[in-house]
Amino acid sequence: DSGVTQTPKHLITATGQRVTLRCSPRSGDLSVYWYQQSLDQGLQFLIQYYNGEERAKGNILERFSAQQFPDLHSELNLSSLELGDSALYFCASSGVFSGELFFGEGSRLTVL
Amino acid sequence: AQSVTQLGSHVSVSEGALVLLRCNYSSSVPPYLFWYVQYPNQGLQLLLKYTSAATLVKGINGFEAEFKKSETSFHLTKPSAHMSDAAEYFCAVHDNAGNMLTFGGGTRLMVKP
């Protein structure tokens, strides 16, 4: 158990819809990272937050947004969903950066 | 920008055989390098990391990796494969500026009985 909790574990929705994925980091970790894993794109970094502030942005689409709340949990919002957004979305957290990210078990999104 | 390349998206070995998973990196500064493992239906977990101390790094489950600057490589090895090693393995490099990890494409290790 990494200590990182992601909900929901599975989500099935239709094209054009909007979903929110939630992540609770390990206790005390200030950084939260979101990654997308798909068969064709591999593991892609989306965005990082540190103590509520956006720290780094990767290959995140404009239809996607994220935020980190004062209690340090984070949400990834995916809107106007397309079939190609079907993927496993991982949240990870870290404390003082040592290179070790602690990953949740992921949220599997299926867009039909 | 830093990047890693993993040679071979699939590697198959027999149980008891040597495991060798290849990773080459590109970095303009001394890198921090990592190997993560992903078991089926699970998130990634850290196997080992290189942070400019010893060039031979030992990790969990009998894995180790050697940092070779001259070859810009950080290959992962295990002397004797076990069935439980079947998983996907990711090499990653640390982005000094953004505190994020950039992952390679992954290598799926299959272990035959």
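Structural data are supplied above this passage.
Bear in mind that the values here come from a model prediction, so they are computed numbers and not experimental data.

(A) Representation of the overall build of chain A within the structure. Along the backbone of chain A there are 0 helices and 11 strands. For chain A, the sequential pattern of α-helices and β-strands runs β-β-β-β-β-β-β-β-β-β-β. Relative to a compact globule of 112 residues, whose C-alpha radius of gyration would be 13 Å, chain A shows 13 Å and is just as compact. Seen through its principal axes, chain A has C-alpha atoms that stretch 40 × 25 × 25 Å.

(B) Here's a closer look at the environment of Val57 of chain B. Residues and elements named next belong to chain B. Position of Val57 among the secondary structure elements: in strand 6 (residues 56-58). Its relative accessible area of 10% is what places Val57 among the buried residues. In sequence terms Val57 and Phe67 are 10 residues apart; their C-alpha atoms lie 7.9 Å from each other. Discounting chain neighbours no more than four positions away, the residues touching Val57 are Leu48, Lys49, Tyr50, Phe63, Glu64, Ala65 and Phe74.

(C) Seen up close, the nonpolar core. Residues Trp35, Phe74, Leu76 and Tyr89 of chain B are the most contacted members of the largest nonpolar core, which totals 27 residues. Elements with a minimum of two residues in this core: strand 2 (10-14), strand 3 (19-26), strand 4 (33-38), strand 5 (44-50), strand 7 (64-68), strand 8 (73-78), strand 9 (87-95) and strand 11 (107-112) of chain B. Judged by nonpolar contacts, the second largest core, of 21 residues, contains Val32, Ile47, Ile60 and Leu109 of chain A.

(D) Representation of unusual backbone geometry. Cis geometry marks the peptide bond from Thr7 of chain A to Pro8 of chain A, where omega comes out at -10 degrees. By the element assignment, Pro8 of chain A lies in the loop between strand 1 (5-7) and strand 2 (10-13). Here Asn51 of chain A, not a glycine, exhibits a phi torsion of approximately 50 degrees, which is positive. One can find Asn51 of chain A in the loop between strand 5 (42-50) and strand 6 (53-57). A relative accessible area of 46% places Asn51 of chain A in the partly exposed class. Here the phi dihedral of Asn41 of chain B falls at roughly 60 degrees; this positive angle occurs in a residue that is not glycine. By the element assignment, Asn41 of chain B lies in the loop between strand 4 and strand 5.

(E) Representation of the pattern of salt bridges in the model. Scanning the entire structure with this criterion turns up 8 salt bridges over all chains. The closest approach of N and O atoms between Glu105 of chain A and Lys9 of chain A, which form a salt bridge, is 3.8 Å. One end of the pair, Glu105 of chain A, is in the loop between strand 10 (102-103) and strand 11 (107-111); the other, Lys9 of chain A, is in the loop between strand 1 and strand 2, and 96 residues separate them in sequence. Residue class for Glu105 of chain A comes out partly exposed when judged on its relative accessible area of 47%. Taking the shortest distance from any N to any O, the salt bridge between Lys78 of chain B and Asp85 of chain B comes out at 2.8 Å. As far as the burial class goes, Lys78 of chain B and Asp85 of chain B line up, both buried. Salt bridges sharing common partners tie together Arg63, Glu82 and Asp85 of chain A.

(F) Summary view of the side chain of Ser79 of chain A. Residue and element names in this part refer to chain A. Mapping Ser79 onto the fold places it in the loop between strand 8 (74-78) and strand 9 (87-94). Separated by 2.8 Å, the side chain of Ser79 and the backbone oxygen of Arg63 make a polar contact. Sequence-distant contacts of Ser79, that is, excluding residues within four places in its chain, are made with Gln17, Arg18, Arg63 and Phe64.

(G) Representation of the sheet that holds strand 1 of chain A in the model. Residues and elements named next belong to chain A. The strand order across the open sheet built from 4 strands is 1-3-8-7, with neighbouring strands paired in antiparallel fashion. Looking at which strands have only one partner, the edges of the open sheet turn out to be strand 1 and strand 7 (64-68). With strand direction ignored, the average angle separating the axes of adjacent strands in the sheet is 15 degrees. Of the strand pairs in this sheet, strand 7 and strand 8 are connected by 5 bridges, and their pairing is antiparallel. Residue pairing for strand 8: Ala66 is matched across the bridge by Leu76.

(H) Looking closely at the packing of aromatic side chains. Residues and elements named next belong to chain B. Counted by the stated rule, this structure contains 13 aromatic pairs over all chains. Arranged with centres 5.4 Å apart and planes meeting at 45 degrees, the rings of Phe63 and Tyr89 form a pair that is tilted. Here Tyr89 lies in strand 9 and Phe63 lies in the loop between strand 6 and strand 7, a separation of 26 residues in the sequence. Residue classification places Phe63 among the buried positions, given a relative accessible area of 1%.

Rules used throughout
- Residues numbered from 1 in each chain as written.
- Chains lettered and ligands numbered in written order.
- Predicted model: local features only at pLDDT ≥ 70, side-chain atom pairs only at ≥ 80, totals over all residues.
- Heavy atoms only, no water.
- Helix = DSSP H or I, 4+ residues; strand = E, 2+ residues; numbered from the N terminus.
- Rg over C-alpha atoms; globule rule 2.2 N^0.38 Å.
- Buried < 20%, exposed > 50% of the residue type's maximum accessible area, 1.4 Å probe, protein only.
- Contact = heavy atoms within 4.5 Å.
- Core = buried A, V, L, I, M, F, W, Y, C linked by side-chain atoms within 4.5 Å.
- Salt bridge = Lys/Arg side-chain N within 4 Å of Asp/Glu carboxyl O.
- Polar contact = N/O pair within 3.5 Å; in protein donor to acceptor, adjacent residues only side chain to side chain.
- Pairing = 2+ DSSP bridges.
- Axes fitted to C-alpha atoms, helices over the stretch in contact; angles between N-to-C directions.
- Phe/Tyr/Trp six-rings, centres within 6.5 Å; stacked < 30°, edge-to-face > 60°.

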